[in-house]
Amino acid sequence: MTAESDEIQEDDAAMDRGLGSKAPEFIRKSRGLHLSWQVGVFIVGLAVVAAGVVMLPLPGPGWLVIFGGMAIWATEFVWAQLVLRWTRRKVTEAAQRALDPEVRRRNIVLTSVGLVIIGVLLGYYLWRFGFEMPWRIS
């Protein structure tokens, strides 16, 4: 095992202790009040997630808003806490892979090749047609 995987496992163990409702104590004591609190948290989280889903095809930070709604749910529901934990672990792993020198070198080479191809195609277009758009707008 690596030090990174040990750190992730330690984070998971620390988070296990924190699973469950984050509602204030006086709300958790009353079953009816706690259920009402959970329904309210669910509705607010659902509204935020729905807004994020709408923002995916439209301008706006869709994924950020969706994760914000999940964070709202995670204040009350264990399943949302587990989903956020899994997402955090996957994002951390992806970031670590992206920092790998071999992967970075490959990405730089692919980006450079793509930019050269785009430059050549743009140069050919300008040489062939000049600086004129392919459509005519009156």
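Structure: above.
Residues numbered from 1 in each chain as written. Predicted model: local features only at pLDDT ≥ 70, side-chain atom pairs only at ≥ 80, totals over all residues. Heavy atoms only, no water.

Asker: Provide a residue-level description of the environment of Val 53, including the pertinent values.
Answerer: Relative to the assigned elements, Val 53 resides in helix 3 (residues 31-55). Of the residues examined, Val 53 reaches a relative accessible area of 45% and is grouped as partly exposed. Taking C-alpha positions, Val 53 is 7.7 Å from Trp 63, a pair spaced 10 residues apart along the chain. (Helix = DSSP H or I, 4+ residues; strand = E, 2+ residues; numbered from the N terminus. Buried < 20%, exposed > 50% of the residue type's maximum accessible area, 1.4 Å probe, protein only.)

Asker: Report on the pattern of salt bridges, specifying residues and quantitative values.
Answerer: The final tally for this structure, using the stated rule, is one salt bridge. For Glu 93, the salt bridge identified is with Lys 90, shortest N-O distance 3.7 Å. Residue Glu 93 and its partner Lys 90 are located together in helix 5 (residues 78-98), separated by three residues, close to a single helical turn. Residue Lys 90 is classed as partly exposed on the basis of its relative accessible area of 38%. (Salt bridge = Lys/Arg side-chain N within 4 Å of Asp/Glu carboxyl O.)

Asker: Give a description of the side chain of Glu 76 that names residues and reports values.
Answerer: Turning to its location among the elements, Glu 76 is positioned in the loop between helix 4 (62-74) and helix 5. Taking the relative accessible area as the measure of exposure, Glu 76 reaches 3% and is therefore buried. Among the polar contacts made by the side chain of Glu 76, one reaches the side chain of Trp 37 at a distance of 3.0 Å. For Glu 76, the contacting residues outside a window of four places in its chain are Gly 20, Ser 21, Lys 22, Ala 23, His 34, Trp 37, Gln 38 and Val 41. (Polar contact = N/O pair within 3.5 Å; in protein donor to acceptor, adjacent residues only side chain to side chain. Contact = heavy atoms within 4.5 Å.)

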